[in-house]
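Below are the chains, spelled out letter by letter.
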Amino acid sequence: MNPGNDNFEIEVASGKAKVQRHSISGQVIFRVIFPAKIPPLVLARATRENSNRFWTSIPEGRQLEAEEIGRLIAEHFNPKP
Amino acid sequence: MCFYNGQKVTHAEFIRLKQLEKKVANFDFLIHQLQIGFDYGLNAVLKPNDEKNDFDIVQMEWGFIPSYLRTREDVLKMRNGYKDDTGKFHPPITTLNAVCEELLKPGKIYKDAALRRRCLVLSTGFYEWRHIYPLNKRTGLPLKTANKIPYFITLKDRGYFFMAGIWQGWTDRSTGEFVESFAIVTTKANKLMEQVHNSKKRMPAILNEDFAYEWMFSDLDEKRILEIAATQYPSEEMDACTIAKDFRSALEPAKPFEYEDIPALELNI
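Residues numbered from 1 in each chain as written. Chains lettered and ligands numbered in written order. Predicted model: local features only at pLDDT ≥ 70, side-chain atom pairs only at ≥ 80, totals over all residues.

Here we come to the nonpolar core. Membership of the largest hydrophobic core comes to 75 residues, with the highest contact counts inside it found for Leu43(A), Val45(B), Leu120(B), Ile166(B) and Phe182(B). A total of 7 residues in this core trace back to one element, the largest contributor, which is strand 12 (residues 161-171) of chain B. Beyond its immediate sequence surroundings of up to four residues, Leu43(A) is in contact with Ile29(A), Phe30(A), Val32(A), Trp55(A), Thr56(A), Ser57(A), Ile58(A), Ala66(A), Ile69(A) and Gly70(A). (Core = buried A, V, L, I, M, F, W, Y, C linked by C-beta atoms within 7 Å. Buried ≥ 20, exposed ≤ 12 C-beta atoms within 10 Å, placed from the backbone. Helix = DSSP H or I, 4+ residues; strand = E, 2+ residues; numbered from the N terminus. Contact = placed C-beta atoms within 7 Å.)

Set out below in structure tokens:
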């Protein structure tokens, strides 16, 4: 894992969440630290059997959050004009 | 068919995500490189749970400890060799590797583990020695003593990979110490490894993700165990580079090191 220098912030319902981008063995994960008392969320991009990409929580169990936060992270990298 | 977070994914994707899961959970453990050296130290091993639907990344001792050994002293005697009461020397027995062709032979210490306790050994690369015999300047014939050149072998485009392993729990009868130990399954060398490990012409059984999944989770018959154990990873998907002879004590053991007058490996194979 790298030291996590690739940090940025995203706007979530409870305020600004800190996002750390890490690389583990060449695979990118994002660790999200929320302003409220919500446990940090780790998420990554994955591939469905039909080859579609999706966001997933690591470990399993927080899929809805992963999809919502993943969408915000994607917007950070590809801001709407 | 596999599901991760309710999403239908392939076996390969499932195992990648589960592995990522373990890595995230074991942050401190996984900041270290997972190279495979040649000692009896601890290594990262993927061990299936009892239901064979998930796995843990655990640390196991490399060097399979047979159940008939009673104490750690017996283990050291086996590994280092010893003189018995009559002064007769018993040579060391190495259990770092399990030869795939002999895994299931009757009486072999690995048989029960191969049938019931298969695991995957995580690696980012491994070391092997190439024996090069310099020519005698006077006669032009090869010298009897080889110049041993260490190599670090990796897979192209893969930061880590799985080697087939077998494991066993063992308890020291005198202290109660419990350890899990493993051996790496070896197979015949492919064209690249025939050149690098040219003294023994063997290599670890490196498994692709589908084979890795099957090796760890499926109920396999003996024929299939031997088939997977004999897997020869393709040469063209592997890399080998020379490293310093003192790599074991180096800060960066896998750092490439150039030697003069070393015949190049034939990579166009």
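Moving on from the coordinates now.
A word on the confidence of the model for chain B. All names here are of chain B. In the predicted model, chain B carries a mean pLDDT of 87, and 91% of its residues have values of at least 70. By mean pLDDT, the top-scoring element of chain B is helix 7 (residues 222-229) (97), and the lowest-scoring one is helix 2 (residues 27-30) (43). Prediction confidence for the complex, expressed as pTM and ipTM, is 0.68 and 0.81 respectively. (pLDDT = per-residue confidence, 0-100.)

The next thing to look at is the interface of chain B and chain A. Of the residues lining the interface, 18 residues belong to chain B; the matching set on chain A comes to 19 residues. Put simply, the parts of the chain that give the side of chain B that touches chain A at least two residues each are strand 2 (7-9), helix 1 (11-25) and helix 2 of chain B. In terms of residues, the side of chain B that touches chain A owes the most to one element, helix 1 of chain B, which gives 6 residues. When grouped by side-chain class, the residues that make up the side of chain B that touches chain A number 9 nonpolar, 5 polar and 4 charged. (Nonpolar A, V, L, I, M, F, W, Y, C, P; charged D, E, K, R; others polar.)

Right, let's get into the packing of helix 1 of chain B against helix 6 (residues 209-217) of chain B. Residues and elements named next belong to chain B. In the contact formed by helix 1 and helix 6, the axes pass within 8 Å of each other and the chain directions differ by 75°. Between helix 1 and helix 6, the interaxial angle falls into the category roughly perpendicular. Together, His11, Ala12 and Ile15 of helix 1 and Glu209, Asp210, Ala212 and Tyr213 of helix 6 make up the contact between the two elements. (Axes fitted to C-alpha atoms, helices over the stretch in contact; angles between N-to-C directions. Parallel < 35°, antiparallel > 145°, perpendicular 65-115°, else oblique.)

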